There are 2 protein chains.
Amino acid sequence: MSRAQRAISDLKLGFRPLYRQVREILIKRIADGTWQPGQLLPSEPEIAAELDVSPGTVRKALDEMTAENLVVRRQGRGTFVARHDDARILFQFFKLLPDSGTPEFPESKVLRVTSGVHEEAAGRLGRQPKERIIVLDRVRMLGGRLCVLERIHLPAFLFPELENREIPNNLYQLYATGFGVTIGHASEQLKAVAATADEASYLQVDAGTPLLRIDRIAFALDERPVEWRVSLCRTDRIHYLSDLR
Amino acid sequence: MSRAQRAISDLKLGFRPLYRQVREILIKRIADGTWQPGQLLPSEPEIAAELDVSPGTVRKALDEMTAENLVVRRQGRGTFVARHDDARILFQFFKLLPDSGTPEFPESKVLRVTSGVHEEAAGRLGRQPKERIIVLDRVRMLGGRLCVLERIHLPAFLFPELENREIPNNLYQLYATGFGVTIGHASEQLKAVAATADEASYLQVDAGTPLLRIDRIAFALDERPVEWRVSLCRTDRIHYLSDLR
DNA sequence: TAGTGGTCTAGACCACCAT
DNA sequence: TGGTGGTCTAGACCACTAG
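Now for a quick tour of the structure. (Residues numbered from 1 in each chain as written. Chains lettered and ligands numbered in written order. Predicted model: local features only at pLDDT ≥ 70, side-chain atom pairs only at ≥ 80, totals over all residues. Heavy atoms only, no water.)

### With respect to the relation of the copies chain A and chain B
Point 1. Take chain A, turn it by 180 degrees, move it 0.0 Å along the axis, and it overlays chain B with an RMSD of 0.0 Å. Here the two chains are linked by the operation of a two-fold rotation axis.
Point 2. Counting the interface residues of chain A, we find that 100% of their copies in chain B are interface residues as well, pointing to one common contact surface. (Least-squares fit on C-alpha atoms with pLDDT ≥ 70 in both. Contact = heavy atoms within 4.5 Å.)

### Comments concerning empty space enclosed by the protein
All names here are of chain B.
Point 1. Going through the model one piece at a time under the given rule, you end up with five cavities of 30 Å³ or more.
Point 2. Of the pockets and cavities examined, the largest cavity occupies roughly 190 Å³.
Point 3. Contributing to the lining of the largest cavity are 20 residues, with Phe 93, Phe 94, Arg 140, Arg 216 and Arg 229 lying nearest its centre.
Point 4. Mapped onto the lining of the largest cavity, the elements with two or more residues apiece are strand 5 (132–142), strand 6 (145–155), helix 7 (171–179), strand 8 (210–220) and strand 9 (225–233).
Point 5. Here the lining of the largest cavity is composed, by residue class, of 10 nonpolar, three polar and seven charged. (1 Å grid on protein atoms, 1.4 Å probe; cavity = no way out; pocket = protein on both sides within 12 Å on 5 of 7 lines; lining within 4 Å. Points joined across faces, edges and corners; volume = space filled by probe spheres on them. Helix = DSSP H or I, 4+ residues; strand = E, 2+ residues; numbered from the N terminus. Nonpolar A, V, L, I, M, F, W, Y, C, P; charged D, E, K, R; others polar.)

### Digging into the sheet that holds strand 10 (residues 238–244) of chain A
Point 1. With antiparallel pairing, eight strands are arranged side by side in an open sheet as 3(A)-10(A)-7(B)-8(B)-9(B)-6(B)-5(B)-4(B). At either margin of the open sheet sits one strand with a lone partner, and together these are strand 3 (96–98) of chain A together with strand 4 (107–117) of chain B. Shown here is a sheet whose adjacent strand axes are inclined to one another by a mean of 25 degrees, direction ignored.
Point 2. Note: strand 6 of chain B against strand 9 of chain B, six bridges, orientation antiparallel. Counterpart to B:His153 in the pairing with strand 9 of chain B is B:Trp228.
Point 3. Packed on one face of the sheet, helix 7 of chain B meets strand 5, strand 6, strand 7 (183–194), strand 8 and strand 9 of chain B and runs near 165 degrees to strand 9 of chain B. (Pairing = 2+ DSSP bridges. Axes fitted to C-alpha atoms, helices over the stretch in contact; angles between N-to-C directions.)

From the geometry alone we can't say anything about function, so treat these as descriptive.
Pasting the structure below:
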């Protein structure tokens, strides 16, 4: 389609800015694996020529994608698909920090992995009630100290054979490189709750101890919810950081 | 200074992009009251002509300021200094939402206002230990239900005679319009704690009930810390929302 | 209808990086 | 040294708002 024709169809159909259309095309290429995490993108003029738009329009699309942590620019080298490396997880998805000292990526120990029908999880993940759900329980440590107990729910069809795999510390990297599911953003709801006897024994506290409960839904690049995670945290030496900007 | 001269001084001193210099000039005008909250800014070409830069550079500065909620653009009308109206507070600074139902601005009831030496607060606010600090206690309600008990600490020299004023529900609007102190952003640390007997009686819960403790430092446009706030929240029917993007 | 911000284009020059 | 992203400029046209 020529530029003139495209402009006309924009007028007749619902209007979307050209740079947003470019952005969606580029995101689709990351989501479907055409461009893998860590891979170098074509240069801005190359993308512009291929899509028949001006370089400034590609630049504006990449500006937004940089702000969303979907790509990383390195001056003099190029633009790369963002990877879920530990540093990014720590910055974007892990908000629990020691009250004093430097931020740290937590170590994890898997307690069990099961799967089956789980209607509540299916509902939270936008799936049919009887679809198979994988449930992963683990504890996490910061500074060698146990502080998080969490349960993770996943739609089984997106993560085939996950039960039979080695479960690494960095799950979002596994989702991306092992199953082609890239987490783009997440939404968390926080409450203060009292530890049950069971939870208390895992976290080595008394029953009834106040815990921070984090209820997270994580979304893939195509905006589908793909993970439901409930984390229980003892916050006697760590806190949850939230910046309001 | 001509453009050529400015370019040379940029090279010799530490380099800062022109659009960031423009941004800082514009923020300064908001911070010092040259442009009041709600006021219409000059048009982009006018600002560009006055500062002797191209319109695109002004646009990029305003792009960033829009993303930071410092100004609001309205197509066809102009660009306005952002106001701390209830809608903005609700969106940017008040993250406690009902578990079901629509977001709502909380009502407040002031318990007491005092002032005096408060070394811990002075330290958190970057002031000298003996500087006078105003302390404001209040409770807040959502849906007619009492759910937050909070203590707010302010450097007295920035808020003269605040003790003798009517204290409105929307404090950040008061800071801006009554004292010329505009809050730009804030940082919160969250923990789960057990209610003391005193706290429990205010919040109408049993002593030991888990509460969400929010420890906030709020910063003015010049990046000085100007408010320290500790909020204790019962989260049986509300939660704290955090979006990870 | 006039004026504003929103979008798109086009091209120049600079800073940074790999080689 | 060549290629990349980073910055800055200049101007056209469109969509929205107010009068």
